[in-house]
Amino acid sequence: SREGAQRLFPRLAVAAAIVLAIYGAIVTSRWSNLQSAYDARTNQLAYLQNRFTTLEHEAQVAEQRIDALSKVLSERIRLEDVLDAPDLEVTRLGPLLPAPGAHAVVVLSKSSGDAVLRASGLEAPPAGKTYELWWITKQKGPVPAGTFTAESGNEVIAKVDPPPPGDRVMATAVTLEPAGGVPKPTGAMYLKGSPERE
């Protein structure tokens, strides 16, 4: 029986080694499968996060575009309302040397207090600059009527301030000024014109 036991122990050891090897192979294979699944999920999550970021950015751009179009529509409606006013006053602005291809018109209704500028042919202003409209009056000289920007090749429609009540407007002009506007003109004059009816 001692000899049988001596023969059995090596066999058991071999069998145990085989079982452990098989178990290790199974565990390794399972771990590899889990790691592959984890990597796939991680890649999928990264893709979804990137896709979400892209969609969020596109939504923000679309919202900004909608806001811009809404503003343009609002200004066009305001322009049409002023054009229909019975006391309509029109000032056409012709180009000066800095903007030979530009032109504009300013329409005003004193009864409603609305004034709207429509301009075309102006280039986008340089960084840190803006266009500013002026009422050039007899009593106070140049009076700021508001700032606006432009995009090359696009028409500009902007609400502006009406001239001071009781003061005679001799001319209207557009200059290029520092961003935010200035109380008195300092930059080059791009457009200028006189009222058709005073």
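Positions within a chain are numbered from 1, following the residues in the order the chain's sequence is written. The predicted nature of this model means local features are confined to residues of pLDDT at least 70 and side-chain atom pairs, given and counted, to a pLDDT of 80 or more, with totals for whole chains, interfaces and linings taken over all residues. The basis for every side-chain value is the complete set of heavy atoms in the structure, and neither hydrogens nor water enter the calculation.

**Q** Any chance you could break down the overall build of the protein chain for me, citing the residues and the numbers?
**A** Looking only at helices and strands, the protein chain features 1 helix and 8 strands. Taken across its 198 residues, the protein chain has 28% of its residues classed as buried. Taking the contacts inside the protein chain whose residues are at least 6 apart along the sequence as the reference set, 61% of them involve residues at least 24 apart. Only runs of H or I of at least four residues qualify as helices and only runs of E of at least two qualify as strands under DSSP, and these elements are numbered from the N terminus. For each residue, the accessible area found with a 1.4 Å probe, counting protein chains only, is set against the maximum for its type, and the residue is called buried under 20%, exposed over 50%, and partly exposed in between. Only heavy atoms matter for contacts: two residues are in contact if any of them lie within 4.5 Å across the pair.

**Q** Break down the environment of M189 for me, with residues and values.
**A** By the secondary structure assignment, M189 is in strand 8 (residues 189-193). On the basis of relative accessibility, which here comes to 30%, the residue M189 falls in the partly exposed class. Residues M189 and L133, spaced 56 residues apart in sequence, show a C-alpha to C-alpha distance of 9.9 Å. Not counting chain neighbours up to four residues away, the residues in contact with M189 comprise L96, P98, A173, V174 and T175.

**Q** Account for the sheet that holds strand 4 (residues 129-137), naming residues and giving values.
**A** Strand order in the open sheet formed by 8 strands is 5-4-7-8-1-2-3-6, with antiparallel pairing between adjacent strands. Among the strands making up the open sheet, the edge pair consists of strand 5 (141-148) and strand 6 (156-160). Ignoring which end each strand starts from, the neighbouring axes of this sheet average 25° apart. One requirement defines pairing of two strands: DSSP has to find at least two bridges between them. Bridge analysis of strand 7 (residues 169-178) against strand 8 gives 4 bridges, and the strand direction is antiparallel. Within strand 8, the position partnered with T172 by the bridge is G193. Lines fitted to the C-alpha atoms define the axes, with helices restricted to the stretch that makes contact. Angles between their N-to-C directions range from 0 to 180 degrees.

**Q** A description of the pairing of strand 1 (residues 88-95) should follow, citing residues and the corresponding values.
**A** Pairing of strand 1 with strand 2 (residues 103-109) involves 6 bridges; the strand directions are antiparallel. Among the inter-strand pairings, R92 is bridged to a residue of strand 2, identified as V105. Two elements, strand 1 and strand 8, share 2 bridges in a ladder whose sense is antiparallel. Within the sheet, the bridge partner assigned to G94 lies in strand 8 and is K192.

**Q** An account of the environment of V160 is requested, with residue identities and associated values reported.
**A** Its location among the elements puts V160 in strand 6. Residue V160 is classed as buried on the basis of its relative accessible area, which comes to 2%. Sequence-wise, V160 and D114 are 46 residues apart; in three dimensions their C-alpha atoms are separated by 7.8 Å. V160 has contacts with V106, A115, V116, L117, L133 and A145, leaving out every residue within four places of it along the chain.

**Q** Tell me about a nonpolar patch on the surface, and name the residues and values.
**A** On the surface, V14, I18, I22 and I26 cluster together into a nonpolar patch covering about 370 Å² of accessible area. For I26, the location among the structural elements is in helix 1 (residues 2-83). When its relative accessible area of 52% is taken as the criterion, I26 is described as exposed. Like charges are joined within 9 Å and nonpolar side chains (Val, Leu, Ile, Met, Phe, Trp, Tyr) within 5 Å, but only among residues with over 30% relative accessible area and no salt bridge; these make up the patches. Residue exposure ignores everything except the shown protein chains as possible cover, and the areas themselves are Shrake-Rupley values with a 1.4 Å probe. Put simply, a salt bridge is a Lys or Arg side-chain nitrogen that is within 4 Å of an Asp or Glu carboxyl oxygen.

**Q** Describe the nonpolar core, naming the residues involved and giving the relevant values.
**A** Grouped together as the largest cluster of nonpolar side chains are 25 residues, with contacts concentrated most on L122, Y131, F148 and L191. Secondary-structure elements contributing two or more residues to this core are strand 2, strand 3 (114-120), strand 4, strand 5, strand 6, strand 7 and strand 8. Apart from the residues within four sequence positions on either side, F148 is in contact with L117, L122, T130, Y131, E132, L133, V156, A158 and V174. Counting residues in hydrophobic clusters, the runner-up holds 6 residues, among them V90, V107, V116 and I157. What makes a nonpolar core is a set of buried Ala, Val, Leu, Ile, Met, Phe, Trp, Tyr and Cys residues whose side-chain atoms join them at distances within 4.5 Å.

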